[in-house]
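# Coordinate analysis (summary)
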Amino acid sequence: MRSVDIDVGGTFTDLVLTFDDRRVIAKSPTTPYDLSVCFMNVLEDGADQLGEAVEDLLPQIEVVRYSTTVAMNRLIERRGPRLGFMTTEGHEEAVLIGRGAQWVDGLRIGERRNLAAQHKPTPLVSRQLIVGLKERVDSRGTILRPLDEDDVRAKLRYLMDNGARSIAVSLLWSFANPTHERRVREIIREEYKGYHVGYLPVVLSHEVVGKVGEYERSMTAILDAYLQRSIKLEMEATWDQLRDLGYKGSFLLTHNTGGSAEMFKTTASRTYNGGPISGLMGSYHLGRELGYKNVIASDVGGTSFDVGMVVDAGVRSYEFRPIIDRWMVGISMLQTTTMGAGGGSIASINTLLNRLEVGPRSAGAMPGPVCYDLGGTEPTVTDADVALGYISPETYFSGRMPLNRAKAVAAIEQKIARPLGVSVDEAAAMIRNIVEENMASAIKREVHLRGYRPEDFALFAFGGGGPTHVAGYRADVPVAVIFPQSPVFCALGSSVMDIMHVYEVSRRMVFMTPITETFSTDYESFNSAVRGLVEQARIDLTAEGFNADTAVYQLELDMLYGGQVHVKRVSVPGLYIESEDQMQAIYNAFETEFSEAFSPHVVNRPGGVYLENIVLKAIIETEKLSLPEQALNPPDASAARTGSREAYWPELKQRVETPVYRFESMLPGHQLTGPALVDAEFTTLVVPPGQCFTINSRGLGLLEYTADGRKGESA
């Protein structure tokens, strides 16, 4: 396999370049002003490691996969076009009224508690640019009021005269009968041709979300219309450079459904949160390879901390109405939790409460932490790591980015230590402790609220700051796993992700009749819906150059008990239903999943079971990473030791000369006990007193408590 996998984060852009039996990694500072710059910078770095020029390498590459935060960044910056919105007459205010939770959707828990200070988010489309069309379709897809085409043309001209540069269309029950939405687009194209200079993007709600939920479907269409142009420009700049340099393969974008697809087959909302999803899917595939059934995926980046879970060797936790920025949307995406905690998180004193707080504000890539010496003035978590002696200023970022320790110390002393009346070491240790406690709390909430125990999981620590802080945030998880590729793990995750399209359609059907608990026999209604999804999937895969006959088609159903609101997605064997035995097998799988997710006590068979949505995954499987076993060496790791440096350890309440090892020089079987520091190419592993670090037979690092360390923590 010859592939390029790139993950653009808020601070660094990561690369995993696979070329036959070689795999190289690289990182480059993210360039927010133009993401194609950091893309090409990190690609050139990887090509240099192979001894190739980019223009010689790219013609040999089979696939480029890209996970990006463009959607999130552009939304945060509100850098979108003036948007026009067409809906059914009488429903013009629906997206402005929103759902009740719109007041607090997307806010942190601390902000939600202060209800008096909350306001609805500023709409992406103003009321002036919302029009109602004369038409009506009912919930069964029956046309009650034909579309008034003259009305459409008049209101389209009104929107354009008032500055609309992109149009979203969401008509009532359009997913049940999309005739009117399609005709609206035809009219727009008749009035404003696609070849005109002022090309007008048009997004239809039934095409981006083909299921029930007027508000969520409308907001998805609005977000896609709002983000489409900016993402298109970002992607085109990168795509054009790749083509100019001789690349002939596919350009795939990571989807928040857990797969990837061609740029030309991707909607803007599907790219949201792509990086964390890559890390989660990498944890899923590598966890299976390593034999870990339950994995907590933790990614400590420069601006955020992301957590996801693999349970029972599967990724089965979905958000059915996820929040993008401040808006609830109708797409289904894998569940991850993100909080503002990372290497660039800013530490400050809350003068009102006279206490130290860390995050969620971040110094980002530019100017970055104070120690970067690029103009930053506020101390960050990375500054604390440098001040404590954990990160070496000389070897940071493989020695290509020397750090200014003196400035980091001065900033911590002035902004934190002096106001609190403590030493710089104590202040820096407090910064680390607070951010790690916040991370540990996020993990505990994620695990406990889903009904599991942290003790039953392994923790994968990745991102540039994962190995540096995992000893402090893993809490009750018995073992943390550190990969040689941990600093670029999200890019590594995208390299093992399958090419996957997800198709959803709403089908409200009685699966099990209430009271009698008998299964429905209306198999044809179900099977016809599935056939429609399969047909669409085959068309899309063929258009992308794949053999649709070799694809794997997987069916998932969103189901719930009568009288309840909790929907559970369940995987089912096969695609079509032909017998009662198949119905029973599907129900058994649903009851098991529902019981594990919520509780066996809320299983409500007498209330009946209802089918909400049908979900089809069309998958082109890709080659997975293999981690062969190696012979174990004696535990003595002295051959990998590179020296020592003075570091402050809160457990010892003093600075001590601490041994330093090189991760890449440690062999399977090597073991060391803290305090110790292990430098890697793009990160540093911190091993505090009471914990030990071992290289296992797969070449991975395992961080565990020593017997004395666990006793000391309990005490």
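Below is a summary of the structure that appears in this document. (Residues numbered from 1 in each chain as written. Predicted model: local features only at pLDDT ≥ 70, side-chain atom pairs only at ≥ 80, totals over all residues. Heavy atoms only, no water.)

### With respect to a negative patch on the surface
A contiguous patch of negative charge on the surface is contributed by Glu-44, Asp-48, Glu-55 and Asp-56. Those elements that provide at least two residues to the negative patch are helix H1 (35-49) and helix H2 (54-57). Topologically, Glu-55 is positioned in helix H2. (Patch = residues over 30% accessible without salt bridge, like charges linked within 9 Å, V, L, I, M, F, W, Y side chains within 5 Å. Areas by Shrake-Rupley, 256 points an atom, 1.4 Å probe, with all protein chains shown as cover. Salt bridge = Lys/Arg side-chain N within 4 Å of Asp/Glu carboxyl O. Lys, Arg positive; Asp, Glu negative; His and termini not counted. Charge placed at Lys NZ, Arg CZ, Asp CG, Glu CD. Helix = DSSP H or I, 4+ residues; strand = E, 2+ residues; numbered from the N terminus.)

### A look at helix H11 (residues 381-388)
Think of an α-helix as 3.6 residues a turn; residues three or four steps apart then line up on the same face. Counting buried residues along H11, 8 of its 8 residues qualify, which places the element largely inside the surrounding structure. Taken together, the buried positions of H11 are Val-381, Thr-382, Asp-383, Ala-384, Asp-385, Val-386, Ala-387 and Leu-388. One or two residues past the end of H11 sits Gly-389, with phi positive at roughly 95 degrees. (Buried < 20%, exposed > 50% of the residue type's maximum accessible area, 1.4 Å probe, protein only.)

### Description of the pairing of strand S26 (residues 568-572)
Counting buried residues in S26 gives 4 out of 5 residues, a clear majority hidden from the surface. Relative to S26, strand S25 (residues 552-561) runs antiparallel, the two sharing 5 bridges. Residue pairing for S26: Met-559 is matched across the bridge by Lys-568. What sits between S25 and S26 in their antiparallel hairpin is a turn of 6 residues, with Gly-563 showing a positive phi close to 80 degrees. (Pairing = 2+ DSSP bridges.)

### A few points about the nonpolar core
In this structure, Met-86, Leu-557 and Ile-614 are the most contacted members of the largest nonpolar core, which totals 116 residues. For this core, the leading source of residues is helix H9 (residues 214-244), giving 12 residues. Contacts of Ile-614, omitting those with residues within four sequence positions, involve Tyr-503, Glu-504, Val-505, Arg-507, Phe-526, Ala-529, Val-530, Leu-533, Leu-555, Glu-556 and Leu-557. Counting residues in each nonpolar core, the second largest holds 64 residues, with Val-381, Ile-412, Val-477 and Leu-703 among its members. (Core = buried A, V, L, I, M, F, W, Y, C linked by side-chain atoms within 4.5 Å. Contact = heavy atoms within 4.5 Å.)

### Some words on unusual backbone geometry
In the segment running from Gly-359 into Pro-360, the intervening peptide bond is cis, with an omega of 0 degrees. Mapping Pro-360 onto the fold places it in strand S21 (residues 355-362). Unusually for a residue other than glycine, Asn-273 sits at a positive phi of about 70 degrees. Secondary-structure assignment places Asn-273 in the loop between strand S12 (260-262) and helix H10 (274-290).

### What to know about empty space enclosed by the protein
Under the counting rule described, the total for this entry stands at 4 cavities of 30 Å³ or more. By volume, the largest cavity amounts to about 80 Å³. Lining the largest cavity, in full, are Met-509, Val-510, Phe-511, Ser-520, Thr-521, Asp-522, Tyr-523, Phe-526, Ile-577, Met-583 and Leu-611. At the level of elements, strand S24 (499-512) and helix H16 (523-543) are the ones that each hand at least two residues to the lining of the largest cavity. Classifying every residue of the lining of the largest cavity gives 8 nonpolar, 2 polar and 1 charged. As for the second largest cavity, its lining consists of Pro-276, Gly-279, Leu-280, Ala-297, Ser-298, Asp-299, Asp-306, Val-307, Gly-308, Thr-336 and Phe-462. Elements represented by at least two residues in the lining of the second largest cavity include exactly H10, strand S13 (295-300) and strand S14 (305-310). Its residues assigned to classes, the lining of the second largest cavity shows 5 nonpolar, 4 polar and 2 charged. (1 Å grid on protein atoms, 1.4 Å probe; cavity = no way out; pocket = protein on both sides within 12 Å on 5 of 7 lines; lining within 4 Å. Points joined across faces, edges and corners; volume = space filled by probe spheres on them. Nonpolar A, V, L, I, M, F, W, Y, C, P; charged D, E, K, R; others polar.)

So, to be careful, I would describe these as geometric facts and stop short of saying anything about function.
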